[in-house]
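Structural overview for review
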Amino acid sequence: MKKTALVIMAAGIGSRFGGGIKQLARLGPSGEIIMDYSVHDALEAGFDRIIFIIRKEIEKDFREIIGDRIAKAADCSYAFQETTMLPEGFSLPEGRTKPWGTAHALIQVREQIDCPFAVINADDFYGREGFHLIHDYLVEEMDETKPYADICMAGYIIGNTLSENGSVNRGICKMGAGSYLSEIQETYDIKKGEDGVIRGIDFAGKEVLVPEKAIVSMNMFGLPEKFLDTLIRNFPDWLREHGQEMKSEYLLPQEIDRLMREGKAKVRVLEDHDRWFGVTYAEDKALVERSIRELVEAGVYPRALYQN
């Protein structure tokens, strides 16, 4: 069976660990954080190892608070993302402190990846179904001999990703034949009204109705190993165009969308019926805690994920 890896993008965690860092909020009944559930679900689905992308300055704290605990249950390794990590001939613009984005983060794992892999955000609770769907696609369906990048994506039903405490932004998927993605339409300020209708704002600022069963991307992708080489090749061109902008980012979804439009990638959407949770607003924490408690009571998760 093919080996598979899970890459968790955690470089955005603050340098000072504490209760205010949303990625470290204790949400489970035994003090688990969101990343604990992602790792648990990934291992249950069959992923062989976990790679964390962090900043070097937080490595010691990250290992003590998160990594050492997870290392007892999984084969773990680390990659580091820094703003100074640029191709030869490029330098960090004076005054830039913002990271270069998720596609830049993924470039840093190239030396550690020798198999198909999934990528997720550190601070999102995806549910177990998405990990199974992507793992099975990587092992059973992904064809790395294709002349294009064979990619899969967990597609969530819009209603399962909304917050009760405010509006959200989502990439709404437009589907083509065979469950392949044809376009992601970025939609903003999405919320369900008192009449039960979901509305948002499109790129032009116009109000749009969002179908109740619309599929959205939550940045949970399955990627072939060689896709990383494509990101590496394209990064210098991106830097020539955007590298002097203080807030521009080399983003994974945008790169996938561009390659898809150029015919260099195809994205299979795997419909996921789990509820996605994120701590977008401070008030979301109570909802996530309650939801995890209900999943534990239903037997989906054990009360303590990692037994010593």
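The structure contained in this document is the topic of the report that follows. Quantities reported herein were computed from a predicted structural model and do not represent experimental measurements. (Residues numbered from 1 in each chain as written. Predicted model: local features only at pLDDT ≥ 70, side-chain atom pairs only at ≥ 80, totals over all residues. Heavy atoms only, no water.)

1. Thoughts on the layout of surface pockets
Note the cut-off: Only protein atoms enter the 1 Å grid used here, on which a cavity is any set of points holding a 1.4 Å probe that cannot leave and a pocket is any open set flanked by protein within 12 Å on both sides along at least five of seven lines; residues with an atom within 4 Å of a point are listed as lining. Grid points are joined across faces, edges and corners, and a volume is the space filled by probe spheres set on the points. Only DSSP runs of H or I with at least four residues qualify as helices, and only runs of E with at least two residues qualify as strands; both kinds are numbered from the N terminus onward.
Estimates place the volume of the largest pocket at around 1300 Å³. What lines the largest pocket is a set of 36 residues, and nearest its centre among them are Thr102, Asn121, Asn219, Leu251 and Pro253. For the lining of the largest pocket, the elements supplying multiple residues, two or more each, are α3 (102–107), β7 (168–175), β8 (181–192), β11 (215–223) and α6 (252–261). The dominant element in the lining of the largest pocket, judged by the number of residues it contributes, is β8, at four residues.

2. Thoughts on the packing of helix α1 (residues 34–45) against helix α2 (residues 59–71)
The condition is simple: Interaxial angles span 0 to 180 degrees and are taken between N-to-C directions of axes, which are lines fitted to C-alpha atoms, for helices over the stretch in contact. Every angle not falling under 35 degrees, over 145, or within 65 to 115 is termed oblique; those three ranges are roughly parallel, roughly antiparallel and roughly perpendicular. Note on convention: near helix rotated counterclockwise from far helix by under a right angle means a left-handed crossing. Clockwise means right-handed. The contact definition used throughout considers only heavy atoms, calling two residues in contact when any of these lie within 4.5 Å.
Where α1 meets α2, the closest approach of the two axes is 10 Å, and the angle between their N-to-C directions is 20°. One finds that α1 runs roughly parallel with respect to α2. Like other packed secondary-structure pairs, α1 and α2 cross with a definite hand, here right-handed. For the pair α1 and α2, the contacting residues are Met35, Asp36 and Val39 in the first and Phe62, Ile66, Arg69 and Ile70 in the second.

3. So, the pattern of salt bridges
Under the convention used in this document: In what follows, salt bridge is the name for a side-chain nitrogen of Lys or Arg lying within 4 Å of a carboxyl oxygen of Asp or Glu. Burial classification: accessible surface area is computed with a 1.4 Å probe over protein chains only, and a residue below 20% of its type maximum counts as buried, one above 50% as exposed, and the rest as partly exposed.
Here the structure, examined in full by the defined rule, presents 19 salt bridges. Between Glu59 and Arg63 there is a salt bridge, and its shortest N-O distance comes to 2.9 Å. Residue Glu59 and its partner Arg63 are both found in helix α2; the two are separated by four residues, about one turn of the helix. For Glu59, a relative accessible area of 14% translates into the label buried. With relative accessibility at 31%, the residue Arg63 sits in the partly exposed group. The partner of Lys264 in a salt bridge is Glu262, and the shortest N-O contact between them spans 3.5 Å. Through salt bridges with shared partners, one network takes in Glu255, Arg258, Glu262 and Lys264.

4. With respect to the state of the cysteines
We apply this condition: Any two cysteine sulfur atoms within 2.5 Å of one another count as a disulfide.
According to the stated counting rule, one finds zero disulfides in the structure shown. Lacking any disulfide linkage, Cys76 is separated from the closest cysteine sulfur, that of Cys115, by 14 Å. Unpaired in this structure, Cys115 has its nearest cysteine sulfur neighbour in Cys152, at a distance of 13 Å. You can call Cys115 buried: its relative accessible area is 5%.

5. Focus on helix α5 (residues 227–242)
How we decide: Expected helix span is computed as 1.5 Å times (number of residues minus one).
Taking 1.5 Å per residue, 16 residues should reach 22 Å; α5 reaches 21 Å between its end C-alpha atoms and fits that length. Each element contacted by the buried residues of α5 is listed here: α3, β4 (117–121), β6 (149–157), β11 and α6.

6. Describing the pairing of β7
For clarity, the threshold we go by: We treat two strands as partners when DSSP finds at least two bridges between them.
Bridge count for β7 against β8 is seven bridges, and the pairing is antiparallel. By the bridge assignment, Met175 is partnered in β8 with Leu181. A loop of five residues connects β7 with β8, the two strands running antiparallel in sequence, and Gly178 in this loop sits at a positive phi of about 65°. Pairing of β7 with β11, which is carried by two bridges, proceeds in the antiparallel orientation. Looking across to β11, one finds that Gly171 is bridged to Ser217.

7. Section: the packing of aromatic side chains
The condition is simple: Centres within 6.5 Å are what make two rings of Phe, Tyr or Trp a pair, Trp counting through its six-membered ring; a difference in plane orientation under 30 degrees is then read as stacked, over 60 as edge-to-face, and the rest as tilted.
What the rule picks out here adds up to 13 aromatic pairs. With a centroid separation of 5.6 Å and an interplanar angle of 35°, the aromatic rings of Phe52 and Tyr78 are classed as tilted. With Phe52 in strand β2 (residues 49–54) and Tyr78 in strand β3 (residues 75–80), this pair connects stretches of sequence that are 26 residues apart. On the basis of relative accessibility, which here comes to 0%, the residue Phe52 falls in the buried class. What links up through ring pairs into an aromatic cluster is the set Tyr37, Phe125, Phe277 and Tyr301.

8. Describing α2
As a reminder of what qualifies: Bend angle per residue: angle between axes fitted to the 7 residues ending at that residue and the 7 residues starting there.
Over its 13 residues, α2 extends only 14 Å from the first C-alpha to the last, a length that falls short of the 18 Å expected when each residue adds 1.5 Å. The largest bend along α2 measures about 45° and falls at Ile65. Against the buried residues of α2 lie α1, β2 and β3.

9. Some remarks on the pairing of strand β9 (residues 198–201)
Two faces, one strand: in a regular strand the side chains alternate between the faces of the sheet. The alternating pattern of β9 places Ile198 and Gly200 on a buried face, while none of Arg199 and Ile201, on the opposite face, is buried. Alignment of β8 against β9, held across three bridges, turns out to be antiparallel. Across the sheet, residue Lys191 finds its bridge partner in β9, namely Arg199. Turn length for the β8-β9 hairpin, with the two strands adjacent in sequence and antiparallel, is five residues, and the turn residue Gly196 shows positive phi of about 85°. As judged from the four bridges shared by β9 and strand β10 (residues 207–210), these two strands associate in the antiparallel manner. Its bridge partner being in β10, Ile198 is matched across the sheet by Val210.

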